Amino acid sequence: LDLGEAMASMVRAFVDTANEGNVALAELGVLNHLRLRYGRLPIDVYDRAFELFVQQLAEVRMVFEPMVKLGRHPLNLGIIGWEAPAALFETAAVWGDRFVIELDSVLADRAIERYVRAWRASGLRNAMAPLSVNVSPRSIWSDAYIEQLIASMERNGLDEGGLTLELSEKEPIVLIGNDLRVD
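*Asks:* Requested: an account of the overall build of the protein chain, with residues and values cited.
*Replies:* Summing up its helical and strand segments, the protein chain has seven helices and six strands in all. The burial tally for the protein chain puts 38% of its 183 residues in the buried class. At a minimum sequence separation of 6, the contacts of the protein chain that also span at least 24 residues come to 64%. For the protein chain, the exposed area adds up to about 11100 Å²; of that, 55% sits on carbon and sulfur atoms.

Have a look at this one:
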C-alpha cells in the first residue's frame, strides 16, 4: 500500500462528500472509498465506519404512503422513502451484512414505532391497517434481525400480522443446491 496513493484517495473522497456539510458523512465517504479501493481494512477502521453509520442512522426520517390492496384490509401503509443521505445505503452495500442488518433493523423499528404512534393519535377506532417495509434478504436470514423485529412489534403494540416484509429486489436470491443465497 503506497501511502501517497491512499492519501490522495482519501482527499478525493472527502472532497466528493464534504459538499453536504456533514463532516461525519464526509468521513464515512472517505472510509467507504478506502474499503472499495483496498478491500480489507484494519478492524479499528471497520469499527469507526460502523460507529459513524449508526450515528447517521439516528438522523433518518421516514415518510409513509397509503397503498390500496384488495382484501380484508383495503388500506395498507408502506414507507415511500426516507429523508436520509444516499451515502447510508451505499455504506451498507460497501461494508456488508452487519451494516445492512443494522440499517434494516433501525428503519423497521423506527417505522413500527412511528406508525403505531400516528395510528393511535389519529383517533381511528377500526383495526390498524398493516404496515409494509422493505427488507434485505440478508436481514430476513438473520436471527438477530427477526428477534429485534418481534421485540419492536411487542414493545409498540403492533399485532401479529400487522407487518408485511417486502424483500428488496436489489439483491437477487439464487438457489445453490438446496439452499437459497443472496447473490
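Past the structure itself, the notes keep going.
*Asks:* With reference to specific residues and values, describe the packing of helix 2 (residues 23-38) against helix 3 (residues 43-57).
*Replies:* Two numbers describe how helix 2 lies on helix 3: the axes approach to 10 Å, and their chain directions differ by 140 degrees. The angle between helix 2 and helix 3 falls in the class oblique. As for the relative orientation of helix 2 and helix 3, their crossing is left-handed in sense. Mapping the contact onto sequence places Ala24, Leu25, Glu27, Leu28 and Leu31 in helix 2 and Val45, Arg48, Ala49, Leu52, Phe53, Gln55 and Gln56 in helix 3. Among the residues forming the contact of helix 2 with helix 3, the class breakdown is eight nonpolar, two polar and two charged.

*Asks:* Residues and numbers for the pattern of salt bridges, please.
*Replies:* Think of it this way: side chains of opposite charge can pair up when their charged atoms draw near. Counted by the stated rule, this structure contains six salt bridges. Here arginine 48 makes a salt bridge to glutamate 51, at a shortest N to O gap of 3.0 Å. A residue pair is termed a helical-turn pair when its members lie 3 or 4 positions apart in one helix, as arginine 48 and glutamate 51 do in helix 3 at three residues. Glutamate 113 is the partner of arginine 114 in a salt bridge, and the nearest nitrogen-oxygen pair spans 4.0 Å.

*Asks:* Tell me about the packing of aromatic side chains, residues and numbers included.
*Replies:* The final tally for this structure, using the stated rule, is seven aromatic pairs. Here the aromatic rings of phenylalanine 53 and phenylalanine 99 are separated by 5.1 Å at their centres, their planes lie at 55 degrees, and the arrangement is tilted. With a gap of 46 residues between them, phenylalanine 53 in helix 3 and phenylalanine 99 in helix 5 (residues 97-122) connect regions that are remote in the sequence. When the centroid spacing of 6.1 Å and the interplanar angle of 50 degrees are considered together, the rings of tyrosine 115 and tryptophan 119 count as tilted. With tyrosine 115 and tryptophan 119 both in helix 5 and four residues apart, the pair spans about one turn of that helix. Here tyrosine 115 and tryptophan 119 have matching classes, each one buried. Taken together, the aromatic side chains of Tyr46, Phe50, Phe53, Trp95 and Phe99 make up a single cluster linked through ring pairs. One residue, arginine 98, lies across the ring of phenylalanine 50, its end atom 3.5 Å from the ring centre.

*Asks:* Could you give an account of the environment of glycine 39, naming the residues involved and the relevant values?
*Replies:* Among the structural elements, glycine 39 can be located in the loop between helix 2 and helix 3. Spatially, the C-alpha atoms of glycine 39 and tryptophan 95 are 9.5 Å apart, while their sequence positions differ by 56 residues.

Rules used throughout
Residues numbered from 1 in each chain as written. Predicted model: local features only at pLDDT ≥ 70, side-chain atom pairs only at ≥ 80, totals over all residues. Heavy atoms only, no water. Helix = DSSP H or I, 4+ residues; strand = E, 2+ residues; numbered from the N terminus. Buried < 20%, exposed > 50% of the residue type's maximum accessible area, 1.4 Å probe, protein only. Contact = heavy atoms within 4.5 Å. Areas by Shrake-Rupley, 256 points an atom, 1.4 Å probe, with all protein chains shown as cover. Axes fitted to C-alpha atoms, helices over the stretch in contact; angles between N-to-C directions. Parallel < 35°, antiparallel > 145°, perpendicular 65-115°, else oblique. Left-handed = near helix turned anticlockwise from the far one by under 90°. Nonpolar A, V, L, I, M, F, W, Y, C, P; charged D, E, K, R; others polar. Salt bridge = Lys/Arg side-chain N within 4 Å of Asp/Glu carboxyl O. Phe/Tyr/Trp six-rings, centres within 6.5 Å; stacked < 30°, edge-to-face > 60°. Lys NZ or Arg CZ within 6 Å of the ring centre and 35° of its normal.

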